[in-house]
There are 2 protein chains.
Amino acid sequence: MGAEEAQTEKLIKDTAKVLFFQKGLLKATTQEIADEAGVNRALIHYYFRSRDQMLDILLEETIQEKKGRVKRILSSELPFRLKIAHFIDAVVDYGLTYPYLENFLISEMARQPDKLKDFCARDRVKSSDLIREQLEEEIRKKRMAPITAEHFMINLSAMCNYPLLAKSILQTIHGMTDSAYRKFLMDRKQIIYTTIFNEDMPELTHKKELQY
Amino acid sequence: MGAEEAQTEKLIKDTAKVLFFQKGLLKATTQEIADEAGVNRALIHYYFRSRDQMLDILLEETIQEKKGRVKRILSSELPFRLKIAHFIDAVVDYGLTYPYLENFLISEMARQPDKLKDFCARDRVKSSDLIREQLEEEIRKKRMAPITAEHFMINLSAMCNYPLLAKSILQTIHGMTDSAYRKFLMDRKQIIYTTIFNEDMPELTHKKELQY
DNA sequence: TTTGCGTTTAACAAAATTGTTAAACAAAAT
DNA sequence: ATTTTGTTTAACAATTTTGTTAAACGCAAA
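Residues numbered from 1 in each chain as written. Chains lettered and ligands numbered in written order. Predicted model: local features only at pLDDT ≥ 70, side-chain atom pairs only at ≥ 80, totals over all residues. Heavy atoms only, no water.

- An unreviewed UniProt entry annotates chain A as TetR/AcrR family transcriptional regulator of Chryseosolibacter histidini.

Pasting the structure below:
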């Protein structure tokens, strides 16, 4: 349709993101993506040259966005516990959109370790570094048991991300509908906070300022 | 070599398990498996008819074994906290062998949900049911904060399994060698226990009796 | 030693998937 | 109206992967 910008390109990318990161179809073919987007398969090669290059772009974009949100929260001026509460909130919320994102990244790393090494290293600006000082002060003040920043962040990431990665398993075992699963994840925000701090999670204000 | 039992069949299965569940190569082809095992590709079809059927068998066998170990521990007569300590120990140890097992299961569920539904449901005899009573007593006695058995088990599974699923990511970010990663996982056993119970993990006796 | 049976292989056929190309098309600019 | 530009498509070629088959092989029992 002539000069209609990168509209179609975005349509393809968004469709592919849904198949890969939301529905967990790691092996979705270019044909399946094209069908889902309602375009011809050759278009994908026109815009992205190859399936692999498209995948790189999708991963790059999506992970950068997620990491951006997280980093914005962890490097904010909030007090420690409130910061962690916002982290939990943001990671779980984002996971509702793309539950299989990390799952996908993991598979790709096994397939082409070299390519993703630097990408991953550059990207994952160790989040543990962003909370180390505050965490250590918290421990010094005897407000929580001693733990390294690395293990603390991994505990936190684990409890937030695992139910996302394992979405299909959890839904099957407990016979949850999509909306039940959604509610289950919302409950978990509280649970995770309480498991770590042994107290109720505070109300979250400033949510919007921290999103972008 | 004549009457040499199902020796070769086992060789192929073990090789495939290593590629799929240990190295995380979800897309390993029948050719790659055959090469790695040092046999001709057609052998795989001779023994398993198709790649998909072999995959089913591998998943079935491996998950059953892992679940067997876990269930044996959770349905033992041990006191609650010791039981959980053994659970952590067993899951992390098994994960050192096949870190990508769950990752693989998750991907397969997205690909063929129906086939794995009953398999998964029958298999995952909700572990939360096996600890509910003891957990509730623990809470009644005010020895820990209130939490449902489901969320408790998911917290636990998350902290044990996530570092396994995310093996490649963690190793890359923190520049860990295989042996460093191994040590890191061993440390985590303590960390996980302490995060949940706010006390040091007890010594584990009876390890052998609980393994089989 | 030869017959039989499980095991192993190479060669072939079929299917699925990716990547390329040249032509058709539609809208905007000239 | 025609040219131009970017977009879209169908048809084709190449590659990869899977699945089949018939024959060869080696050991053990007859």
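**Focus: the overall build of chain A**
Okay, so step 1: When you go through chain A residue by residue, the secondary structure sums to 12 helices and 0 strands.
Okay, so step 2: Going residue by residue from the N terminus, the α and β elements of chain A occur as α-α-α-α-α-α-α-α-α-α-α-α.
Okay, so step 3: Its C-alpha atoms put chain A at 60 × 40 × 35 Å along the principal axes.
Okay, so step 4: Residues counted as buried form 54% of the 212 residues belonging to chain A.
Okay, so step 5: Within chain A, contacts between residues separated by at least 24 positions form 67% of all contacts whose residues are at least 6 apart in sequence.
Okay, so step 6: Here chain A contributes 33 positively and 32 negatively charged side chains, and the mean placements of these two sets differ by 3 Å. (Helix = DSSP H or I, 4+ residues; strand = E, 2+ residues; numbered from the N terminus. Buried < 20%, exposed > 50% of the residue type's maximum accessible area, 1.4 Å probe, protein only. Contact = heavy atoms within 4.5 Å. Lys, Arg positive; Asp, Glu negative; His and termini not counted. Charge placed at Lys NZ, Arg CZ, Asp CG, Glu CD.)

**Remarks on helix α9 (residues 149-165) of chain B**
All names here are of chain B.
Okay, so step 1: For α9, with 17 residues, the first-to-last C-alpha span of 23 Å sits near the 24 Å given by 1.5 Å per residue.
Okay, so step 2: The largest bend along α9 measures about 30° and falls at M159, with the proline P163 one to four residues further on.
Okay, so step 3: Along α9, 16 of the 17 residues are buried, which leaves the element largely enclosed by surrounding structure. (Expected span 1.5 Å × (residues − 1). Bend = angle between axes of the 7 residues up to and from the residue.)

**Regarding the packing of helix α4 (residues 51-74) of chain B against helix α5 (residues 80-97) of chain B**
To describe two helices that pack against each other, one gives the angle between their axes and the distance between the axes.
All names here are of chain B.
Okay, so step 1: In the contact formed by α4 and α5, the axes pass within 9 Å of each other and the chain directions differ by 165°. Accordingly, the angle class assigned to the pair α4 and α5 is roughly antiparallel. The handedness of the crossing between α4 and α5 comes out as right-handed. Contact with α4, carried on its side by T62, E65, K66, R69, V70, I73 and L74, involves K83, H86, F87, A90, V91 and Y94 of α5 and no other residues of that element.
Okay, so step 2: Along the lines of polarity and charge, the residues of the contact of α4 with α5 split into 7 nonpolar, 2 polar and 4 charged. (Axes fitted to C-alpha atoms, helices over the stretch in contact; angles between N-to-C directions. Parallel < 35°, antiparallel > 145°, perpendicular 65-115°, else oblique. Left-handed = near helix turned anticlockwise from the far one by under 90°. Nonpolar A, V, L, I, M, F, W, Y, C, P; charged D, E, K, R; others polar.)

**Looking at the UniProt feature "DNA-binding region" (unreviewed entry) in chain A**
Okay, so step 1: UniProt feature "DNA-binding region" (unreviewed entry): in the numbering of this structure it lies at residues 29-48 of chain A.
Okay, so step 2: Counted over residues 29-48 of chain A, helix gives 80% and strand 0%. Its end C-alpha atoms are 14 Å apart. (UniProt positions renumbered as here; feature names shortened; annotations may be inferred.)

**Digging into the environment of G24 of chain A**
Okay, so step 1: In this fold, G24 of chain A is placed in the loop between α1 (7-22) and α2 (30-37).
Okay, so step 2: By relative accessible area, which is 3% here, G24 of chain A ends up buried.
Okay, so step 3: Apart from the residues within four sequence positions on either side, G24 of chain A is in contact with L19 and Y100 of chain A together with A110 of chain B.

**Some thoughts on the interface of chain B and chain A**
Okay, so step 1: On the chain A side, the residues contacting the 46 residues of chain B number 46 residues.
Okay, so step 2: Overall, the association of chain B and chain A removes approximately 4300 Å² of surface from exposure, summing both partners, and the carbon and sulfur fraction of that is 69%.
Okay, so step 3: Sorting the residues of chain B by area buried against chain A places K27, H151 and Y162 of chain B first, and these three jointly supply 16% of that buried surface.
Okay, so step 4: Joining chain B to chain A, the criterion identifies 0 salt bridges. (Buried area = accessible area lost by both parts, 1.4 Å probe. Salt bridge = Lys/Arg side-chain N within 4 Å of Asp/Glu carboxyl O.)

**Comments concerning the nonpolar core**
Okay, so step 1: Ranked by size, the top nonpolar core spans 144 residues in total, and within it F152 of chain A together with F152 of chain B carry the most contacts.
Okay, so step 2: Each residue touching F152 of chain B, except ones within four places of it in the same chain, is listed here: F80, I84, I131, L135, M144, I147, I196 and F197 of chain B. (Core = buried A, V, L, I, M, F, W, Y, C linked by side-chain atoms within 4.5 Å.)

**Observations concerning the relation of the copies chain B and chain A**
Okay, so step 1: Rotating chain B by 180° about the axis while translating it 0.0 Å along that axis superimposes it on chain A, leaving an RMSD of 0.0 Å. Classification of the inter-copy transformation places it as that of a two-fold axis. Relative to the rotation axis, the C-alpha of A158 of chain B is the closest in chain B, positioned 2.6 Å from it. (Least-squares fit on C-alpha atoms with pLDDT ≥ 70 in both.)

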